[in-house]
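Letter by letter, the chains look like this.
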Amino acid sequence: MLSPSRPVPDAPGSFRDVTDTATETISTDERLSELRSWLENNWDPDLTVAQWWERMGLAGWSAPGLPTNAYGKAMARSDTVLVQQEIAKFGAMGAPAGLGLLLAAPTIATHGSQEQIDLYVREIVTGRKAWCQLFSEPQAGSDLAGLQTRAIKDGDEWIVNGQKVWTSGGQYADLGMLLARTDPDVPKHQGISYFAFEMLQDGVDVRPLKEMTGHALFNEVFITDARVADSALIGGLNNGWAAANTTLANERAGLGSGGGNAAGGGLAQPGTVMGMLDKRVGDLVGPKPAAGGKQRSQNPLGALGAMRGGAGMLISLAQSRGRNKDAGVRQDLARLHTLGEIGRFNGLRVKAVKEKGGDIPGMPNISKLSMSQIVRLTRDLGLRILGPAGMLHAYDAEGKAELQQSTRDPFAGGVTEMALFAQAPPIYGGTDQVQRNIIGERVLGLPKEPSNDRTTPFSQLPKNA
Ligand SMILES: Cc1cc2nc3c(=O)[nH]c(=O)nc-3n(C[C@H](O)[C@H](O)[C@H](O)COP(=O)(O)OP(=O)(O)OC[C@H]3O[C@@H](n4cnc5c(N)ncnc54)[C@H](O)[C@@H]3O)c2cc1C
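Residues numbered from 1 in each chain as written. Predicted model: local features only at pLDDT ≥ 70, side-chain atom pairs only at ≥ 80, totals over all residues. Heavy atoms only, no water.

Topic: the overall build of the protein
Which entries qualify depends on this criterion: Under the DSSP-based scheme used, a helix requires at least four consecutive residues in state H or I and a strand at least two consecutive residues in state E, with every element numbered from the N terminus. Only protein chains enter the calculation, and the probe is 1.4 Å; a residue is then buried if its accessible area is under 20% of its type maximum, exposed if over 50%, and partly exposed in between. Here, Shrake-Rupley sampling with a 1.4 Å probe gives the accessible areas, and only protein chains in the shown set may cover a residue.
Regarding its fold elements, the protein presents 14 helices and eight strands. Every one of the 465 residues in the protein was classed for burial, and the buried ones make up 51%. Counting only carbon and sulfur atoms, one obtains 52% of the accessible surface of the protein, whose full area is about 20,700 Å².

Put into structure tokens, the structure is as follows:
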């Protein structure tokens, strides 16, 4: 068990959980009742998506976990999930979900100037701009600090050259969280800067990569002599590693808690590229869901949402296929439910500890590991319940209708979708092995792997390519 009071080292590259900055004294029930009356007074299906998100974002309900100076309400992460559920229950459109809300906004709120918050975070919470994460490179994934994309100063701008990969939502993004090397002559963690980078410019070539699910969630991004203003530097020159750690901590905590989707889970996608901002918001939300019901998701990562939704869907599937009497299936359903409950209790535990000014180091990593476990169990159990039909998958609407007809099961397509996607969550946001390394080295204080990475200038380190 990790001790809540154990201090976390603050060395370059060390892990610090900055995700939950809850300082509020208002109770959760009071907040939710405030939200309900705000929705009564403000929800209007005749608004455009842009108008609705403007109202919601500026009132603090798009990102209630952010601090109050960054368009938030300083609510605990576990409570922000309740806010999302309450909005869905009311039948209104949810926040402009995506990597902007999940990652860029909390990073800029932590490391950016107030001017940057008022520009970038405002555009995120109001859905005006969509973001992607330009971190990973062909030779720098787990070893992120080994990245080779270069930014060279040119007056009050930087010229950027390099290649990124696995860029989720890059094809729909207005801006990217760009990590680039700004000083190769210092050790690798110390020469990286973090930029708010315009994607829609000459010199940025986004090429989608198709996955086995049939979706093209992520992309390769080739950057050739592209430009970024010095004023878009977040957190100061060569201080990008600290800002990157904030992004990663939010990614792990968000993915683990169900507090956000990697590429958005809303009914409309934010940003200028998807073209949804001018649509009537009432045309995009369905009828008010029944009590306990969920909003539908048009997102390629909807499968992940369903996997995190608990054992409910698989219990229905087991019942409909007469597998609910199988002792092995029942045992795994109980395991799945238990893992979900442990995640929920951990969220409450973090909230309680933080309210007393403490912290539980490593909890985002533990949450992410637990999410990987849930995803794998959901995949294996779903396919086991489905039987041979689990070998069939549909790639378009027509195929999905045929699959449903031939299997006579509305869940079959969803199960195979989840099963094919299940390989991804244990990799993105840092692989399971990397999460365990972080817990071992930075939380439990185990010795690090021997390396001269932290003392040798990056330019003198051997490179793979
Ligand atoms: C669906 C999906 C979406 C993604 N979206 C984005 C995105 O939007 N933006 C972005 O920047 N990146 C994104 N990524 C990239 C993701 O962050 C990387 O894939 C991940 O960090 C692993 O890096 P890699 O693929 O280069 O694997 P590698 O780092 O090459 O790792 C290969 C294997 O070696 C293991 N390994 C590596 N180093 C160690 C070590 N020190 N100790 C033990 N084991 C180790 C790893 O666990 C892994 O099993 C996405 C990935 C996926 C799958």
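Looking at the site of the ligand
Quick note on the threshold: Any residue with a non-hydrogen atom lying within 4 Å of a molecule or strand is treated as near it. Each polar contact in these results corresponds to two N or O atoms within 3.5 Å; when the atoms are within protein, one needs to be able to donate a hydrogen and the other to accept it, and residues that are neighboring in sequence are counted only if both atoms are side-chain atoms. Only Asp, Glu, Lys and Arg are considered charged in this grouping, and only Ala, Val, Leu, Ile, Met, Phe, Trp, Tyr, Cys and Pro are considered nonpolar; every other residue, Gly among them, is considered polar.
Taken together, 17 residues lie near the ligand, and Ser-136, Ser-142, Trp-166, Ser-168 and Thr-431 sit nearest. With respect to the ligand, the side chain of Ser-168 contributes an N or O atom lying 2.7 Å from a nitrogen atom. Coverage of the ligand by the protein chains reaches 69% of its 970 Å² of free accessible surface. Residue classes in the shell around the ligand are distributed as six nonpolar, ten polar and one charged.

Focus on the side chain of Glu-137
The following threshold applies: In this description, contact between two residues means that some pair of their heavy atoms is separated by no more than 4.5 Å.
Tracing the chain through its elements places Glu-137 in the loop between strand E1 (131–134) and strand E2 (150–154). The exposure class assigned to Glu-137 is buried, which follows from its relative accessible area of 7%. Within the local environment of Glu-137, its side chain forms a polar contact with the backbone nitrogen of Gln-148, the two atoms lying 2.6 Å apart. A polar side-chain atom of Glu-137 sits 2.9 Å from a polar atom in the side chain of Lys-164. Setting aside residues no more than four positions away along its own chain, Glu-137 makes contact with Leu-147, Gln-148, Thr-149, Gln-163, Lys-164 and Val-165.

Notes on the pairing of strand E7 (residues 218–229)
A regular strand places its side chains so that they alternate between the two faces of the sheet. Convention followed: Two strands pair under a simple rule: DSSP has to find at least two bridges between them.
Bridge count between strand E3 (residues 157–164) and E7: seven bridges; the pairing is antiparallel. For Glu-157, the partnering residue across the bridge sits in E7 and is Ala-229. As defined by bridge partners, strand E6 (residues 204–209) adjoins E7 across six bridges and the pair is classed as antiparallel. From the neighbouring strand, Val-206 faces E7, where its bridge partner is Val-221.

Brief notes about the pattern of salt bridges
Threshold: By salt bridge we mean one thing: a side-chain nitrogen of Lys or Arg within 4 Å of a carboxyl oxygen of Asp or Glu.
On inspection of all chains with the given rule, the structure shows 25 salt bridges. We note a salt bridge from Lys-164 to Glu-137, for which the minimum N-O separation is 2.9 Å. Here Lys-164 is found in strand E3, whereas its partner Glu-137 is found in the loop between E1 and E2, with 27 residues between them in sequence. Among the ionic pairs, Glu-157 bridges to Arg-227, the shortest N-O distance being 2.7 Å.

With respect to the confidence of the model for the protein
Condition: Values of pLDDT, ranging from 0 to 100, describe the predictor's confidence in every residue of the model.
Across the protein, pLDDT averages 87, with 86% of residues at or above 70. Contacts of residues 289–305 to residues separated by more than four positions or lying in other chains number 36 contacts, the stretch itself having pLDDT below 50.

A word on the nonpolar core
If you look at soluble globular proteins, the nonpolar side chains tend to sit buried side by side. To keep things clear, this is the line we draw: For the purposes of this section, nonpolar cores are sets of buried Ala, Val, Leu, Ile, Met, Phe, Trp, Tyr and Cys residues that join through side-chain atoms within 4.5 Å.
Formed by 78 residues in total, the largest nonpolar core has its most connected members in Trp-52, Met-93, Val-121, Trp-131 and Phe-197. If one sorts the elements of this core by residue count, helix H4 (residues 99–111) sits on top with eight residues. Excluding anything up to four places from it in sequence, Val-121 contacts Leu-66, Ala-70, Tyr-71, Ala-105, Ile-108, Ala-109 and Gln-116.

Side note on the packing of helix H9 (residues 312–320) against helix H11 (residues 363–386)
Our working definition: The convention used is that axes are lines fitted to C-alpha atoms, helices contributing only their stretch in contact, and that angles between N-to-C directions extend from 0 to 180 degrees. Any angle from 65 to 115 degrees is called roughly perpendicular, while one under 35 is roughly parallel, one over 145 is roughly antiparallel, and all others are oblique. In a left-handed crossing the near helix is turned counterclockwise from the far helix by less than a right angle, and in a right-handed crossing that turn is clockwise.
Where H9 meets H11, the axes come as close as 9 Å, and the angle between the chain directions of the two elements is 15 degrees. With respect to H11, the element H9 is oriented roughly parallel. When the axes of H9 and H11 are compared, the crossing they make is left-handed. Of H11, the residues touching H9 (which contributes Leu-314, Leu-317 and Ala-318) are Thr-378, Leu-381, Gly-382, Ile-385 and Leu-386. For the contact of H9 with H11, the residue count by class is six nonpolar, two polar and no charged.

Some words on H9
What counts here: This arc is built from the directions going out from the helix axis to the C-beta atoms.
All of the buried residues in H9 are Leu-314, Leu-317 and Ala-318. Down the axis of H9, the buried set is contained in an arc of 100 degrees. They therefore lie on one face. Buried residues along H9 sit against helix H10 (327–355), H11 and helix H13 (412–421). Looking one or two places after H9, you find Gly-322, whose phi comes out positive at around 65 degrees.

Overview of the environment of Gly-98
Along the polypeptide, Gly-98 turns up in the loop between helix H3 (77–90) and H4. By relative accessible area, Gly-98 is classed as buried at 11%.

Some details on the packing of H11 against H13
In contact at an axis separation of 9 Å, H11 and H13 are set at 145 degrees when each is read in the N-to-C sense. Between H11 and H13 lies a crossing of left-handed hand. Contact residues: H11 offers Thr-378, Arg-379, Gly-382, Leu-383 and Leu-386, while H13 offers Ala-412, Val-415, Thr-416, Met-418 and Ala-419. Each residue belonging to the contact of H11 with H13 can be placed in one class, and the counts come to six nonpolar, three polar and one charged.

Details of unusual backbone geometry
In the Ramachandran plot, Tyr-71 falls in the positive-phi region, its phi being about 65 degrees despite a non-glycine side chain. Mapped onto the elements of the fold, Tyr-71 is located in the loop between helix H2 (49–58) and H3. Since its relative accessible area comes to 17%, Tyr-71 is described here as buried. A positive phi angle is found at Ala-74, which is not glycine, with a value near 55 degrees.

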